[in-house]
Amino acid sequence: MRYLITGAAGFLGTHLSARLLAEGHDVIGLDNFHSGSEANVARLQRHSKFSFIRHDVTERYDIPCDWVCNLACPASPPHYQRDPIYTAKIAFLGVLFALENAERHRAKVLQASTSEIYGDPLVHPQPEDYLGNVNTIGVRSCYDEGKRIGETLCADFTRLGRVDARLVRIFNTYGPFMRADDGRVVTNFIDQVLRGQALTLYGAGKQTRSFCYVDDLIEGFMRVLAHPDNHGPINLGNPVEFTMLQLAEEVQRLVGTHLPLKFESLPLDDPRQRQPDITKARRLLGWEPKVKLADGLAKTVEYFRSIPRT
Ligand code: UDP
């Protein structure tokens, strides 16, 4: 099979590409390095079945393939908020052009959606039929509402029989090959601990997230890709929930440090809690995460130790 991976230079794109290559597929990576890294592509380019096209997904493209895995989009709040209009363009045009390319070549689409479509959830944990609580005009809206219209496009193309577009709602995921300056909590804490700096906690650190190790998430993608039918959106994430204070303790315990905590103001519209209900993924895909937070964090710390610090 020939897979087109948009966002191949990004964190999830590089992992999905590597996994597909390991299973013998051809992979074409597409990226413009807006938030991805050239090192991620250089590693993939060692593989003879990988090819790379430098391209901005807000411009149309015409690339024959069997699947378009549309992962191109900055996902870290500081990154996607830096140029919110561009983020909204990626979230709409990027999905539209992925769907049009797929339709032209009779390919299927895997769209990387997100738990952000639930916003600051009033239902906990979040099942797929929860419609969400999202601010349309907040600082996170370019991403949250962008990902929502992306789902709408995929659902309409599917309903009209034009493309079989699968939606995976990705909850917080972490692992090797994230950027040290990604700005999300796991990488911030690891980077701070390895530098011996205070850990930045936003608000009181009592908000929760549920962290999935990247290998588990990619296994979930593979099962959606292999599934014969489209069953609508599927949550993929780890249902074990932690407060940010607990996460800070866990990272420190692993590295054996005792650094001060620095409390900073809570960003606007920061969701107070988040935990995926993965009943649907368990039932349809026989999937659930296997890697415990301590083990996944240990592998991530090992990776961050191995890269040069600036
Ligand atoms: N957060 C924090 N310290 C940091 C970075 C993030 O306390 O250095 C908090 C942030 O306010 C949020 C949670 O950690 O409540 C997860 O943030 P992240 O940016 O990783 O992802 P989100 O799930 O908010 O998109």
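The shown structure was predicted, so the numbers you read here are calculated from the model rather than taken from an experiment. (Residues numbered from 1 in each chain as written. Predicted model: local features only at pLDDT ≥ 70, side-chain atom pairs only at ≥ 80, totals over all residues. Heavy atoms only, no water.)

A. Fine view of the pairing of strand S3 (residues 50–54). Bridging between strand S2 (residues 26–31) and S3 involves five bridges; their strand directions are parallel. Bridge pairing in S3 places Leu 30 opposite Ile 53. Taken together, S2, helix H2 (residues 38–44) and S3 form a β-α-β motif whose crossover is right-handed. (Pairing = 2+ DSSP bridges. Helix = DSSP H or I, 4+ residues; strand = E, 2+ residues; numbered from the N terminus. Right-handed = clockwise from strand over helix to strand, strands pointing away.)

B. Local environment of the sheet that holds strand S1 (residues 2–6). The sheet built from seven strands is open, its strands ordered S3-S2-S1-S4-S5-S6-S11 with parallel pairing. The sheet terminates laterally at S3 and strand S11 (234–236), the two strands that pair on one side only. Here the strands of the sheet are splayed against their neighbours by 20° on average, with no regard to which way each runs. Looking at chain direction, strand S5 (residues 108–114) and strand S6 (residues 165–170) are connected through six bridges and run parallel. Paired with Ala 112 across the bridge in S6 is Val 168. Its contacts with the sheet put helix H5 (residues 141–159) on S5 and S6, and the angle it makes with S5 is roughly 155°. Most of the contacts of helix H7 (residues 214–226) go to S6, to which it runs at about 160°, and overall it touches S1, strand S4 (67–70), S5, S6 and S11. (Axes fitted to C-alpha atoms, helices over the stretch in contact; angles between N-to-C directions. Contact = heavy atoms within 4.5 Å.)

C. Representation of the site of the ligand in the model. Of all residues adjacent to the ligand, which total 17 residues, the nearest are Asn 188, Thr 200, Arg 209, Asp 270 and Arg 274. One of the side-chain nitrogen or oxygen atoms of Gln 207 is found 3.0 Å away from an oxygen atom of the ligand. Contact between the ligand and Arg 209: an oxygen atom at 2.7 Å from a side-chain N or O atom of the residue. If the ligand stood free it would expose 520 Å²; the protein chains cover 97% of that surface. Those elements that provide at least two residues to the shell around the ligand are helix H6 (185–195) and strand S8 (199–202). The class makeup of the residues in the shell around the ligand is seven nonpolar, four polar and six charged. (Near = heavy atom within 4 Å. Polar contact = N/O pair within 3.5 Å; in protein donor to acceptor, adjacent residues only side chain to side chain. Areas by Shrake-Rupley, 256 points an atom, 1.4 Å probe, with all protein chains shown as cover. Nonpolar A, V, L, I, M, F, W, Y, C, P; charged D, E, K, R; others polar.)

D. Examining empty space enclosed by the protein more closely. Taken as a whole, this structure holds two cavities of 30 Å³ or more when the rule is applied. Considering the residues around the largest cavity, the lining is formed by Arg 166, Leu 167, Val 224, His 227, Asp 229, Asn 230, His 231, Gly 232, Ile 234, Leu 284 and Leu 285. A class-by-class count of the residues in the lining of the largest cavity yields five nonpolar, four polar and two charged. Roughly 40 Å³ of internal volume is contained in the second largest cavity. Lining the second largest cavity, in full, are Asn 70, Ala 72, Cys 73, Ile 90, Ala 91, Val 95, Gln 111, Gly 146 and Lys 147. Of all elements in the fold, only helix H4 (84–104) and H5 reach the threshold of two or more residues within the lining of the second largest cavity. Looking at which element gives the most residues to the lining of the second largest cavity, the answer is H4, with three residues. Split into classes, the residues belonging to the lining of the second largest cavity amount to five nonpolar, three polar and one charged. (1 Å grid on protein atoms, 1.4 Å probe; cavity = no way out; pocket = protein on both sides within 12 Å on 5 of 7 lines; lining within 4 Å. Points joined across faces, edges and corners; volume = space filled by probe spheres on them.)

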